[in-house]
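# Descriptive analysis of the structure
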Amino acid sequence: MTELSQTALLHELEPVVAKNLDRHLSMAKEWFPHEYVPWSEGRTFDGPLGGEAWSERDSTLPEVARTALIVNLLTEDNLPSYHHQIASLFGPDGAWGTWVGRWTAEEGRHGTAIRDYLTVTRAVDPVALERARMVHMTAGYSNSHDSSMLRSLAYVSFQELATRISHRNTGRITGDPVCEALLSRVAADENLHMVFYRNLLGAALEVAPDQTMRAIAEVLEDFQMPGVGIEGFARKSVTIALAGIYDLRQHRDDVVAPVLRQWDVFNVAGLGAEGEAARDRIAAHLDGLEQAASRFEEKRDARAAKLAARA
Ligand SMILES: [Fe+2]
Ligand SMILES: [Fe+2]
């Protein structure tokens, strides 16, 4: 089977992009970051304005909530890299170009809102946060899907949903209704982004089933959260998983499986040998995730029991 070129795919999917862009614009609710930030709680910091330096005592959030908020914010901060990736793939023209701009503007709002909240409430050390942002953005972000439109669409379908869940659960764990409301608002945006990309890839499955099935298999097999380049990410993501904010069980049951179900991956008809082989890899990957998620849950339970016994 001959593969469709990137240009042919762009052309084939253009009407789907136009339709889903309209859908997105009709569903997206306008919201304002400044309305989600408790400004009157703010105090001037040290430095040129001679206020008070941040201290550990300023923050009332649980440690794990702060870790998750930092990871979520740094992830949003790398927007220029993500923009570069999708703008290079999708191009500036027509509905594709409009989507790139709109999506970028919405994502930009997330970083603004979360940073304002963290700074005003003194939830995290602003100096450490800024230094982490500098390191993270200087490194930038790229993944092995940069050059392939189908792999990128598959990746963002999973990633937007993963981010939605991570924001939602982070909000819950802060114990601060203000933060929870903000992160729920952000999560609602991520959900619409997921739907957009998921619909697009669903259409690609019809246009180029074998090629798309292979892209899905490849993306799942090396899926990593977009924050993977953050300093200390491995340690932070264990903390986040132990707290139930984002773990393997959620990755499998709440992200990978429902997206695959929406695409009806296991019932797509008319696959060639290559598509069938890719679908087998997807099934094997789901099984592997199931085992890994169960192992993780057992370990987490054992750890919790040990901690409880000690206390
Ligand atoms: Fe976002
Ligand atoms: Fe998003």
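A few points on the structure. (Residues numbered from 1 in each chain as written. Chains lettered and ligands numbered in written order. Predicted model: local features only at pLDDT ≥ 70, side-chain atom pairs only at ≥ 80, totals over all residues. Heavy atoms only, no water.)

## Thoughts on unusual backbone geometry
Convention followed: Strands here mean DSSP runs of E at least two residues long; helices mean DSSP runs of H or I at least four residues long; both are numbered from the N terminus. For the exposure calls, accessible area comes from a 1.4 Å probe over protein chains only, and a residue counts as buried if that area is under 20% of its type's maximum, exposed if over 50%, partly exposed in between.
Phi is positive for Arg-122, which is not a glycine, with a value near 55°. Tracing the chain through its elements places Arg-122 in the loop between α4 (94-120) and α5 (126-139). Classification of Arg-122 as buried rests on a relative accessible area of 2%. In the Ramachandran plot, Asp-264 falls in the positive-phi region, its phi being about 55° despite a non-glycine side chain.

## A closer look at the coordination of the iron ion (ligand 1)
Note the cut-off: Donor atoms: N, O and S within 2.8 Å of the metal, or within 3.2 Å for Na, K and Ca. Because water is excluded, sites can look incomplete.
Each protein donor to the iron ion (ligand 1) is listed here as Glu-76 (OE), Glu-76 (OE), Glu-107 (OE), His-110 (ND1) and Glu-190 (OE); together their distances run 1.9 to 2.4 Å. Ordering the donors of the iron ion (ligand 1) by residue number gives the pattern E-x30-E-x2-H-x79-E. If you look at the iron ion (ligand 1) and the iron ion (ligand 2), they sit 3.9 Å from each other and are both ligated by Glu-107. Taken together, the positions of Glu-76 in helix α2 (residues 63-77) and His-110 in helix α4 put the pair 34 residues apart, joining distant regions of the chain. By the burial criterion, Glu-76 is buried, and His-110 matches it.

## Side note on the packing of α2 against helix α9 (residues 233-242)
In helix packing, the relevant descriptors are the interaxial angle and the interaxial distance, both defined with respect to the helix axes. Spelled out, the test is: Between N-to-C directions, angles span 0 to 180 degrees; the directions come from axes that are lines fitted to C-alpha atoms, helices contributing only their stretch in contact. Oblique is the label for any angle not under 35 degrees, not over 145, and not in the 65 to 115 range, which are roughly parallel, roughly antiparallel and roughly perpendicular in turn. Put simply, a crossing is left-handed when the front helix is turned counterclockwise from the back one by less than a right angle, and right-handed when it is turned clockwise. We call two residues contacting when some pair of their heavy atoms lies within 4.5 Å.
Between α2 and α9, the shortest axis-to-axis distance is 10 Å and the interhelical angle comes to 125°. By the criterion of interaxial angle, the relationship of α2 to α9 is oblique. Where α2 crosses over α9, the handedness of that crossing is left-handed. Taking contact as the criterion, the partners of Val-64, Thr-67, Ala-68 and Val-71 in α2 are, on α9, Phe-233, Lys-236, Thr-239 and Ile-240.

By themselves, these observations are geometric and do not establish any function.
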